[in-house]
Amino acid sequence: MSIQRYHVGPRLSEIVVHNNTVYLAGQVAEATLADAAKAQTEEILGMIDRLLGEVGSDKTKILTAQIWLADIADYDAMNEAWSAWVPQGHTPARATVESRLATPEYKVEIKIVAAL
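For the structure given in this document, a descriptive report is provided here. (Residues numbered from 1 in each chain as written. Predicted model: local features only at pLDDT ≥ 70, side-chain atom pairs only at ≥ 80, totals over all residues. Heavy atoms only, no water.)

Some words on the packing of aromatic side chains
Enumeration over the complete set of coordinates arrives at one aromatic pair. Between the NZ or CZ atom of Arg94 and the centre of the ring of Trp82, over which it lies, the distance is 5.2 Å. (Phe/Tyr/Trp six-rings, centres within 6.5 Å; stacked < 30°, edge-to-face > 60°. Lys NZ or Arg CZ within 6 Å of the ring centre and 35° of its normal.)

Below, the structure is given as structure tokens:
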């Protein structure tokens, strides 16, 4: 069984594929750091679409999602973006928690595991 790594950096790989499973590193906003949680979530979901597409998967194949919010008060705003994005009938197992993120500008971080 091979392990394929994409966008390999000094600390992490953005994508790891093993045994027909896609593991994405936690994704955080880049362009919308000054924006609210909904905008950051929308940006992150677009990044997830792009990364999954790069290896031949898509959001209908997501198995699990882990979502970290810097402030649980942003739960509804994050869910507004999530609900508009995730396809009906293809919702993954999901956990959402409040946690201090790597920098104060990050309001949301999302980690995905998907099938190929």
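Picking up where we left off.
Overview of the nonpolar core
With 23 residues, the main nonpolar core has Val22, Leu24, Ile48, Trp82, Ile110 and Ile112 as its most contacted residues. Looking at this core, the elements that each hand over two or more residues are β2 (13-18), β3 (21-24), α1 (37-54), β5 (62-69), α2 (75-85) and β7 (108-115). Sorting elements by how many residues they give to this core places α1 first, with six residues. With residues near it in sequence (within four places) discarded, Ile48 still touches Leu24, Gln27, Trp85, Ile110 and Ile112. (Core = buried A, V, L, I, M, F, W, Y, C linked by side-chain atoms within 4.5 Å. Buried < 20%, exposed > 50% of the residue type's maximum accessible area, 1.4 Å probe, protein only. Helix = DSSP H or I, 4+ residues; strand = E, 2+ residues; numbered from the N terminus. Contact = heavy atoms within 4.5 Å.)

Quick word on the pattern of salt bridges
Here the structure, examined in full by the defined rule, presents one salt bridge. With its nearest N and O atoms 2.9 Å apart, the salt bridge here joins Lys38 to Glu80. Highlighted residues: Lys38 in helix α1 and Glu80 in helix α2, separated in sequence by 42 residues. With a relative accessible area of 29%, Lys38 lands in the partly exposed category. (Salt bridge = Lys/Arg side-chain N within 4 Å of Asp/Glu carboxyl O.)

Some points on the pairing of β7
Two faces make up the sheet, and in a regular strand the side chains alternate between them. Two strands pair when backbone bridges link them, and β3 and β7 are joined in this way by three bridges, in the antiparallel orientation. Paired with Thr21 across the strands is Ala115, a residue of β7. Bridging between strand β4 (residues 27-28) and β7 involves two bridges; their strand directions are antiparallel. Across the sheet, Val28 pairs through a bridge with Glu109, a residue of β7. (Pairing = 2+ DSSP bridges.)

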